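Structure at a glance
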Amino acid sequence: MNILVTSGGTTEKIDAVRSISNMSTGKLGSLIADCFADKPGIDKIFYICNRSAVKPNSNKAEIIHIDDVLSLETAIKTVLSNTCIDIIVHCMAVSDYRVGSVLSASSFIDLVISNLDTIKELNNQDVSSQILSLLKNSELDLCGDGKISSNIDNMLLFMERTPKIISLFQSFSPKSTLVGFKLLNSVPLEKLIDSGYQILTKNKCSFVLANDLKDISNEQHIGYLIDKDRNYVEYSSKSDIASAIVDATIRKELNQF
């Protein structure tokens, strides 16, 4: 079997020296990869991660480094186009937004004022679209070295949505057993399970691991592995979660033959 694991987080650049990232360490992903490596019948593990993520120890794992969502998308398409992947575990924390425009507050005000005659003739929805269009065509407030000046008092970052990476897997590898992840923060269990199950049905996952940020610490990691029938099992450590995901996906693959 060939396995694909995405792990860690992504980083979106603001300028040449600044970026926006998340706090995912990749520890769970590395445990999942090593757990797969210990199972018989595993030929290759593709491990896509950011450069600071925890890496698996097994020499069966090929490490593929990415930085932002665009490079992640490219890496996934390359692997899935060149290799038949049996199991995909997408536990990477992917940025939902990337930087679209960076302007000082004064530059933004000047931009709106200089286009005020056009904006006045539009309804509310068209005004938003017009301003967004202006922002996309505006130049960033950068110094000559590609950095935002530290002398600007008020800086505005305009963010745009990134593509949903999990939707790629069924398009490029529809026969793979797919595991998705859902992370929320301080919500009732029922809402967590519902949200996880929505990810499962929308993206045709075989399983989804739903977890709540309040239940994750150095001492514990509570997660709920949800299946297609909306049944779920609770686990209380990263190692238990990794073992459960590996066992469930391999069992599903073997039962298909």
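These lines cover the structure that appears in this document, whether it is placed above or below. (Residues numbered from 1 in each chain as written. Predicted model: local features only at pLDDT ≥ 70, side-chain atom pairs only at ≥ 80, totals over all residues. Heavy atoms only, no water.)

**Looking at the overall build of the protein**
In terms of helices and strands, the protein carries 8 helices and 12 strands. Expressed as a percentage of its 257 residues, the buried residues of the protein come to 44%. Of the contacts formed within the protein by residues at least 6 apart in sequence, a portion of 66% connects residues at least 24 apart. Only carbon and sulfur atoms are counted for the fraction: they give 49% of the accessible area of the protein, which is about 13800 Å². (Helix = DSSP H or I, 4+ residues; strand = E, 2+ residues; numbered from the N terminus. Buried < 20%, exposed > 50% of the residue type's maximum accessible area, 1.4 Å probe, protein only. Contact = heavy atoms within 4.5 Å. Areas by Shrake-Rupley, 256 points an atom, 1.4 Å probe, with all protein chains shown as cover.)

**Looking at the nonpolar core**
Core analysis: the largest hydrophobic core is formed by 30 residues, its most contacted members being I32, F36, I45, V89, F181 and I245. At the level of elements, β1 (2-7), α1 (27-37), β4 (44-50), β6 (87-90), β9 (177-184), β10 (207-216) and α8 (238-255) are the ones that each hand at least two residues to this core. Tallying contributions element by element places α8 first for this core, with 7 residues. Sequence-distant contacts of F36, defined by excluding residues within four places in its chain, comprise I3, I42, I45, I87, V89, V246, T249 and I250. (Core = buried A, V, L, I, M, F, W, Y, C linked by side-chain atoms within 4.5 Å.)

**Structural notes on a nonpolar patch on the surface**
A contiguous nonpolar patch, built from I20, Y97, L157 and M159 and spanning about 330 Å² of accessible area, is present on the exposed surface. Position of L157 relative to the elements: it lies in strand β8 (residues 155-161). (Patch = residues over 30% accessible without salt bridge, like charges linked within 9 Å, V, L, I, M, F, W, Y side chains within 5 Å. Salt bridge = Lys/Arg side-chain N within 4 Å of Asp/Glu carboxyl O.)

**Some points on the side chain of N211**
Looking at the secondary structure, you find N211 in strand β10. In terms of polar contacts, N211 uses its side chain to reach the backbone carbonyl oxygen of K182, at 2.8 Å. Among all residues touching N211, those that are not within four sequence positions of it are K182, L183, L184, L192, I216, H221, I222 and G223. (Polar contact = N/O pair within 3.5 Å; in protein donor to acceptor, adjacent residues only side chain to side chain.)

**Regarding the packing of aromatic side chains**
All chains considered together, the criterion is met by 1 aromatic pair. Here Y224 and Y232 contribute two aromatic rings whose centre-to-centre distance is 6.0 Å and whose plane-to-plane angle is 80 degrees, an arrangement assigned as edge-to-face. According to the relative accessible area criterion, Y232 is partly exposed, its value standing at 37%. (Phe/Tyr/Trp six-rings, centres within 6.5 Å; stacked < 30°, edge-to-face > 60°.)

**Some remarks on the packing of α1 against α8**
For the pair α1 and α8, interaxial distance at closest approach is 9 Å and the crossing angle is 45 degrees. The pairing of α1 with α8 is recorded here as oblique in orientation. For the crossing formed where α1 meets α8, the hand is right-handed. Listed contacts from α8 to K27, L28, L31, I32, C35 and F36 of α1 are K238, S239, I241, A242, S243, I245, V246, T249 and I250. Looking at the contact of α1 with α8, its residues break down into 10 nonpolar, 3 polar and 2 charged. (Axes fitted to C-alpha atoms, helices over the stretch in contact; angles between N-to-C directions. Parallel < 35°, antiparallel > 145°, perpendicular 65-115°, else oblique. Left-handed = near helix turned anticlockwise from the far one by under 90°. Nonpolar A, V, L, I, M, F, W, Y, C, P; charged D, E, K, R; others polar.)

**A short note on the sheet that holds strand β11 (residues 221-226)**
Strand order in the open sheet made by the 8 strands is β5-β4-β1-β6-β9-β10-β11-β12, with mixed pairing throughout. Edge positions in the sheet fall to β5 (61-66) and β12 (232-235), since each has one partner strand and no second. On average, adjacent strands in this sheet sit at an angle of 15 degrees to one another, irrespective of strand direction. Across 4 bridges, the pairing between β1 and β6 is parallel. Following the sheet pairing, T6 is matched in β6 by H90. (Pairing = 2+ DSSP bridges.)

**A few points about helix α7 (residues 189-203)**
Between its first and last C-alpha, α7 extends 21 Å over 15 residues, near the 21 Å set by a 1.5 Å rise per residue. Within the sequence span of α7, burial applies to L192, I193, S195, G196, L200 and N203. All buried residues of α7 project into a common sector of 165 degrees when viewed along the axis, lining one side. In α7, the exposed positions that point more than 90 degrees away from the buried face belong to Q198 and K202. The elements touched by buried residues of α7 are α6 (166-172), β9, β10, β11 and β12. In the segment just after α7, K204 is the residue with positive phi, at about 55 degrees. (Expected span 1.5 Å × (residues − 1). Arc of directions from axis to C-beta.)

**Things to note about the environment of N231**
With respect to the helices and strands, the residue N231 is situated in the loop between β11 and β12. Residues N231 and F207, 24 residues apart in the sequence, show an inter-C-alpha distance of 10.0 Å. Apart from the residues lying within four places of it in its own chain, the contact partners of N231 are L225 and I226.

**What about α1?**
Within α1, 9 of the 11 residues are buried, which leaves it mostly tucked inside the rest of the structure. Along α1, the residues classified as buried are L28, G29, S30, I32, A33, D34, C35, F36 and A37. Turning to α1, the residues buried within the fold contact β1, β4, β6, β9, β11 and α8.

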